[in-house]
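One-letter residues, chain by chain:
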Amino acid sequence: MTYTIICADCGHKQVFEARTLRSYYDKARDEGWAIDRNNINKWCPNCAEQHRHVGKGGARPFIQIKLDV
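Residues numbered from 1 in each chain as written. Predicted model: local features only at pLDDT ≥ 70, side-chain atom pairs only at ≥ 80, totals over all residues. Heavy atoms only, no water.

A.B. asks: What should I look at first to understand the environment of A8 in this one?
C.D. replies: Summarising the element assignment, A8 is placed in the loop between β1 (2-6) and β2 (13-17). Residues in contact with A8, not counting those within four places in the same chain, are N41, K42 and W43. (Helix = DSSP H or I, 4+ residues; strand = E, 2+ residues; numbered from the N terminus. Contact = heavy atoms within 4.5 Å.)

In structure tokens, the structure reads:
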């Protein structure tokens, strides 16, 4: 079967050949796509870095805290 994956941010489309839906997700991840845990949102390799390991609130700016001792 052929599966079409569409990026949730930029709308980029890519077609994958896979025998099952699970192997389709595996092939997409191997190509660098990010897929959320519910398999609803998918992001292309260009947009994926903004959505990896950042929690549900998205990426937060890093704040350096200086402690005086």
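A.B. asks: Help me understand the nonpolar core in this model?
C.D. replies: Nonpolar side chains in soluble globular proteins tend to be buried together. I5, C7, F16, Y24, A28 and W33 are the most contacted members of the largest nonpolar core, which totals 15 residues. Of all the secondary structure elements, the ones that give two or more residues to this core are β1, α1 (21-30), β3 (34-35) and α2 (45-48). The element that contributes the greatest number of residues to this core is α1, accounting for three residues. Setting aside residues up to four positions removed in sequence, Y24 forms contacts with Y3, T4, I5, F16, A18 and K42. (Core = buried A, V, L, I, M, F, W, Y, C linked by side-chain atoms within 4.5 Å. Buried < 20%, exposed > 50% of the residue type's maximum accessible area, 1.4 Å probe, protein only.)

A.B. asks: I would appreciate a short explanation of the pairing of β2 in the present structure.
C.D. replies: Remember that side chains alternate between the two faces of the sheet whenever the strand is regular. Two elements, β1 and β2, share five bridges in a ladder whose sense is antiparallel. Pairing of T2 across the sheet is with E17, part of β2. What sits between the antiparallel neighbours β1 and β2 is a turn of six residues, in which G11 has the positive phi angle 85°. (Pairing = 2+ DSSP bridges.)

A.B. asks: Help me understand the packing of aromatic side chains in this model?
C.D. replies: Each aromatic ring pair is specified by the distance between its two centres and by the angle formed by the two planes. Inspection of the entire model under this criterion finds three aromatic pairs. Residues Y24 and Y25 carry aromatic rings whose centres are separated by 4.9 Å and whose planes lie at 40° to one another, so their mutual orientation is tilted. A relative accessible area of 4% means that Y24 is categorised as buried. According to the relative accessible area criterion, Y25 is buried, its value standing at 8%. Counting every residue linked through ring pairs, the aromatic cluster contains Y3, F16, Y24 and Y25. (Phe/Tyr/Trp six-rings, centres within 6.5 Å; stacked < 30°, edge-to-face > 60°.)

A.B. asks: For this particular structure, what's the right way to read unusual backbone geometry?
C.D. replies: Trans is the prevailing form of peptide bonds, just as negative phi is the prevailing case for residues other than glycine. Positive phi, close to 60°, is recorded for N39, a residue that is not glycine. Structurally, the position occupied by N39 is in the loop between β3 and β4 (42-43).

A.B. asks: Hey, could you run me through the confidence of the model for the protein chain in this one?
C.D. replies: For any part of a model where pLDDT is low, the fine detail of the predicted coordinates should not be relied upon. Across the protein chain, the average pLDDT comes to 80, with 83% of residues at 70 or higher. Per-element averaging of pLDDT across the protein chain places α1 at the bottom with 84 and β4 at the top with 90. (pLDDT = per-residue confidence, 0-100.)

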